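Coordinate inspection notes
Each chain, letter by letter, is given below.
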Amino acid sequence: MLEIIFETIKKIFVKKSEYFRQITPILLSVLIIIIVECVNDFSVVLSELEKSEYTSLYISVSNNSAVCLDYDEADAVLCRFDDCSKQISDEWTNGVTVSTLKEQKVIVHSVNRGYLLNFETDLKSGRIFSEKDENYYFPVAIIPDNLFSDAQKCIGDLIRIKTEDNNEYEFEIIGTCNGLSDNNDIFNIYVNYSYLLKQGLIDNNSQQTLLYRIPYYNSNEIIDFVRNYYDLNYPFADIKVSMSEETQGSNDITINVILIIVEFFLLIAFMIGNVGILTMSLIEVNKRSKEFGIKQAIGLKKSYIFLEITTENILLSMIGTVSGSVLGVFIGNLINCAIAVKFETNFSCFIFTVPFRMIGSTFIVAFAFSFVFSQIPVQKILKMNITDAIRSKD
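Residues numbered from 1 in each chain as written. Predicted model: local features only at pLDDT ≥ 70, side-chain atom pairs only at ≥ 80, totals over all residues. Heavy atoms only, no water.

1. Side note on the sheet that holds strand β13 (residues 240-243)
Taken together, the four strands give an open sheet; going across it, the order is β3-β12-β1-β13, and neighbouring strands pair in antiparallel fashion. Of all the strands in the sheet, just β3 (85-86) and β13 have a single pairing partner and so form its edges. Bridging between strand β1 (residues 54-60) and β13 involves four bridges; their strand directions are antiparallel. Across the sheet, residue Y58 finds its bridge partner in β13, namely S242. Sitting on the sheet, helix α7 (residues 219-233) touches β1, β12 (209-215) and β13, and the angle it makes with β13 is about 175°. (Pairing = 2+ DSSP bridges. Helix = DSSP H or I, 4+ residues; strand = E, 2+ residues; numbered from the N terminus. Contact = heavy atoms within 4.5 Å. Axes fitted to C-alpha atoms, helices over the stretch in contact; angles between N-to-C directions.)

2. Some remarks on the side chain of T93
You can see T93 is positioned in strand β4 (residues 89-97). Its relative accessible area of 13% is what places T93 among the buried residues. For T93, the contacting residues outside a window of four places in its chain are V106, I107, V108, T163 and E164. (Buried < 20%, exposed > 50% of the residue type's maximum accessible area, 1.4 Å probe, protein only.)

3. Thoughts on the pattern of salt bridges
The tally for this structure, following the rule as stated, stands at five salt bridges. Here R127 makes a salt bridge to D133, at a shortest N to O gap of 2.8 Å. Given the relative accessible area of 37%, R127 is considered partly exposed. In this structure, the salt-bridge partner of E168 is R160, at a minimum N-O distance of 2.8 Å. (Salt bridge = Lys/Arg side-chain N within 4 Å of Asp/Glu carboxyl O.)

4. Details of helix α11 (residues 356-382)
One full turn of an α-helix is made of 3.6 residues, so residues set three or four places apart face in the same direction. Taking 1.5 Å of rise per residue, the 27 residues of α11 would be expected to cover 39 Å, and the 38 Å separating its terminal C-alpha atoms lies within 8% of that figure. At I376, α11 shows its largest bend, some 25°, and a proline, P377, comes one to four positions later. Among all positions in α11, only M358, I359, T362, A366, S370, F373, S374, P377, V378, I381 and L382 are buried. (Expected span 1.5 Å × (residues − 1). Bend = angle between axes of the 7 residues up to and from the residue.)

Next up, the structure:
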């Protein structure tokens, strides 16, 4: 058996140009399969990295319920977990700006730092509320960058807002953002929730819905703990505890379905590659009919010829699979590297991926197909008349 393998390898290297044409279809199909799988695995890693930061926790009760939720109580429940922050966003009042050249209609929202942590990417200049702003109840605000000309240069200035009840309030501008509301004539302004609460300008923090920003990595543990707390203390209140991952999950399902379809067609391409080896093998066997006839004439057993042809086809298939896998991993990770550069400022998110599952599957399928497809040329040679085989031209 080893003798056959060594002879086959030697023959492949001697006639490498002929055999290269034979392995090209399977090499290309494996190459594409591994590239797709590498990029897919890397996209899954990126998706998990995005998920692994934070998600939103909703605690809600129906409007007709006698129970009102309280942020103080929820804070006490969540204090045992790290990096949980409440996200308060509520419309406080409508009004107009007083300290600008032109009065602008505004909607004033009372928000807290936790809400703005998901808001930082929308900042045009300045900063979001700090813990100091909240703890010391500073009257600070974030305004739209197009509220008036050169708004981005007004960080640190004061803005006055007259509300519908003709009261005026003054806030320090600490940041600018994209802030037009659904009505393009009205602007959104975000002011410090703790300041309004301290001044008695808004009600206490009893709500129908509470929103928290929680770490994704232990989100299930947090949700189970919070749900058990409310079920135990408010058994008849029908308080719902949930996490906002429906959209992400839907996107993941869509992407996975697309990838399954792509991999299905790639598997067909892989099978066609193996059929290519069969076709080339039949051509090669026809060329070597005289060689196999002489071997049988000098007494070589049919089992030897069977092993020789089968081993040759399997080796060619394995060479194509190995070459395609190595090139696929290399090119796939180059693409992943480009993705990391495109979406990140450094390579912190880049992870060298090797799709071992898919590589192992291609090896198994390649071995099985090459073995099965080898039977056709083998049976053709074994059924050939030795005299006719010897008389045939090379």
